[in-house]
Amino acid sequence: MGEYKRVGILGGGQLAMMLCEAASRLGVSSKVLAPDANCPAKRTADMAVQADYEDLQAVQEFAADCDVVTFEFENVPVRSLFSLQEANHIVAPGAKILAIVQDRLTEKQFLQDNQIPLARFARIDKVSDLGPAMEAVGLPAVLKTRHFGYDGKGQTWIHEEKKAEAAFDLIHHHPAVLEEVVPFVREVSVIAACNYKGGFVAFPVTENVHEAGILRQSSIPANCSVEVAETAIAITRKIIDALGYVGVLAVEFFETGNGKLLVNEIAPRVHNSGHWTRGGACPDQFEMHIRAVLAMDMPQPKCASSAKMQNLIGADILQAEELQNAGWQVCDYGKSRKQPGRKMGHAVKWQ
Ligand SMILES: Nc1ncnc2c1ncn2[C@@H]1O[C@H](COP(=O)(O)OP(=O)(O)OP(=O)(O)O)[C@@H](O)[C@H]1O
Ligand SMILES: [Mg+2]
């Protein structure tokens, strides 16, 4: 290996873009692998390799001069990560963790096995599973595909028993889970990091607002009680310990009326609800991840007393200049197609 440490990132979206930016601040060289030749991360990575994630040979060649390989999204094929580990490359977080989290059912079973509180759920493989599942979970309920869901995609709500089959049709009879609808008072998330020695740091609990399944806004301080915030961090730590996790992990929670927390899902990566840290915390979540996976020091983050992040979705990006003039730090992901519903950038303000 050369004079500098080098991190390899599978994925080339905005999360990889910001990870590479953080790496360069640390004097760490960065490399991304993505199938898209014009991916956002191409602008901040020292090197970008265009290849499919399934292309084991390309992935192996990519990893050959990296000190560690990490990923920016959940849908990297685990086979590729396992093949890297078999060839003695360091992958963080590890392949087994991604395999658990990639599938909503195994993720929930893992949480349940570790006594982590979560909403009632049932497994759906076929139409005849719907009746017993509704019985177990109650209505209304959310039907979610087990694989490839993000930004509320692959999800549909069921309000009446007779509409269940139509809902299953909507998700093309893909393997799914049925989840009770949680009447939450707020959603919060914890972004935390762990290194190879078990050192743990957490950013302040963040409050999140979603619209139509997609994150609109995140802010600190969260409006929850100190006890709820402490419990959220304690649950996060328990998950990290149970997984033997290295890197940044995000845990999304529902807080119910009686101050109870239920885990919605976990993300084995830097997370949209932690974007306020880019400016609002030092180090930010991106730098913390690079530090964790490269076994560098992980300082306690120094954070602003309050911070807000709003996602710029679709045509919202056209307001970038206006937001900048109003004192927001805007990050434009430089995506070419301005599609409705696509995350095009975000804006952060802190004090
Ligand atoms: N069981 C539920 N009860 C109430 N609201 C829910 C439930 N499941 C999902 N939602 C709402 O939909 C949002 C998105 O759901 P979820 O986190 O499962 O989606 P996702 O597609 O995995 O999104 P992402 O990966 O972008 O967070 C939640 O943050 C919440 O606002
Ligand atoms: Mg979510």
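Here, every reference points to the structure presented above.
Residues numbered from 1 in each chain as written. Chains lettered and ligands numbered in written order. Predicted model: local features only at pLDDT ≥ 70, side-chain atom pairs only at ≥ 80, totals over all residues. Heavy atoms only, no water.

S.K.: Before we go on, may I ask you to explain the pattern of salt bridges in this structure?
M.R.: When charged atoms on two side chains of opposite charge get close, those side chains can pair. Scanning all chains against the criterion turns up 21 salt bridges. Of the charged contacts, one joins Arg 216 and Asp 316 as a salt bridge, the two residues approaching to 2.5 Å between their closest N and O atoms. Within this pair, whereas Arg 216 is found in strand β12 (residues 214-220), its partner Asp 316 is found in the loop between β17 (307-313) and α11 (320-325), the two being separated by 100 residues in sequence. With relative accessibility at 24%, the residue Arg 216 sits in the partly exposed group. One network of salt bridges, with partners in common, ties together Arg 25, Asp 284, Glu 287 and Arg 291. (Salt bridge = Lys/Arg side-chain N within 4 Å of Asp/Glu carboxyl O. Helix = DSSP H or I, 4+ residues; strand = E, 2+ residues; numbered from the N terminus. Buried < 20%, exposed > 50% of the residue type's maximum accessible area, 1.4 Å probe, protein only.)

S.K.: What's the story with the site of ligand 1 in this structure? I'm lost.
M.R.: Lining the immediate environment of ligand 1, one finds 21 residues, of which Lys 144, Gly 152, Glu 180, Glu 187 and Glu 265 sit closest. Taking Glu 252, its side chain carries an N or O atom lying 3.0 Å from an oxygen atom of ligand 1. A distance of 2.9 Å separates an oxygen atom of ligand 1 from a polar atom in the side chain of Asn 264. Relative to its unbound accessible surface of 610 Å², ligand 1 loses 92% to contact with the protein. Where the shell around ligand 1 is concerned, the elements lending two or more residues are β6 (141-145), β8 (176-180), β9 (184-194), β13 (247-256) and β14 (261-267). Broken down by class, the residue content of the shell around ligand 1 amounts to 6 nonpolar, 6 polar and 9 charged. (Near = heavy atom within 4 Å. Polar contact = N/O pair within 3.5 Å; in protein donor to acceptor, adjacent residues only side chain to side chain. Areas by Shrake-Rupley, 256 points an atom, 1.4 Å probe, with all protein chains shown as cover. Nonpolar A, V, L, I, M, F, W, Y, C, P; charged D, E, K, R; others polar.)

S.K.: I would appreciate a short explanation of the coordination of the magnesium ion (ligand 2) in the present structure.
M.R.: Any two of four tetrahedral donors ideally make an angle of 109.5 degrees at the metal, while pairs among six octahedral donors ideally make 90 or 180 degrees. The magnesium ion (ligand 2) binds to the protein through Glu 252 (OE), Glu 252 (OE) and Glu 265 (OE), with metal-donor distances spanning 2.0 to 2.8 Å. Here Glu 252, found in strand β13, pairs with Glu 265, found in strand β14; they are 13 residues apart in sequence, far enough to count as distant. Its relative accessible area of 11% is what places Glu 252 among the buried residues. By relative accessible area, Glu 265 is classed as partly exposed at 22%. (Donors = N, O, S within 2.8 Å, 3.2 Å for Na, K, Ca; no water.)

S.K.: So what exactly am I meant to see when it comes to the nonpolar core here?
M.R.: Among soluble globular proteins, nonpolar side chains are generally buried collectively. By size, the foremost hydrophobic cluster in this structure holds 42 residues, and its most contacted members are Trp 276 and Ile 290. Only β1 (6-10), α1 (14-25), β9, β12, β13, α10 (285-293) and β17 provide two or more residues apiece to this core. No other element matches α1, which puts 8 residues into this core. Here this core spans two domains, and each of domain 1 (6-91) and domain 3 (184-350) adds at least three residues to it. If we ignore the near neighbours within four places in the chain, the residues touching Ile 290 are Val 7, Leu 19, Ala 23, Leu 26, Val 28 and Met 296. Ranked by size, the runner-up nonpolar core spans 32 residues in total, among them Phe 121, Val 177, Val 190 and Val 205. (Core = buried A, V, L, I, M, F, W, Y, C linked by side-chain atoms within 4.5 Å. Domains from an automatic or database assignment. Contact = heavy atoms within 4.5 Å.)

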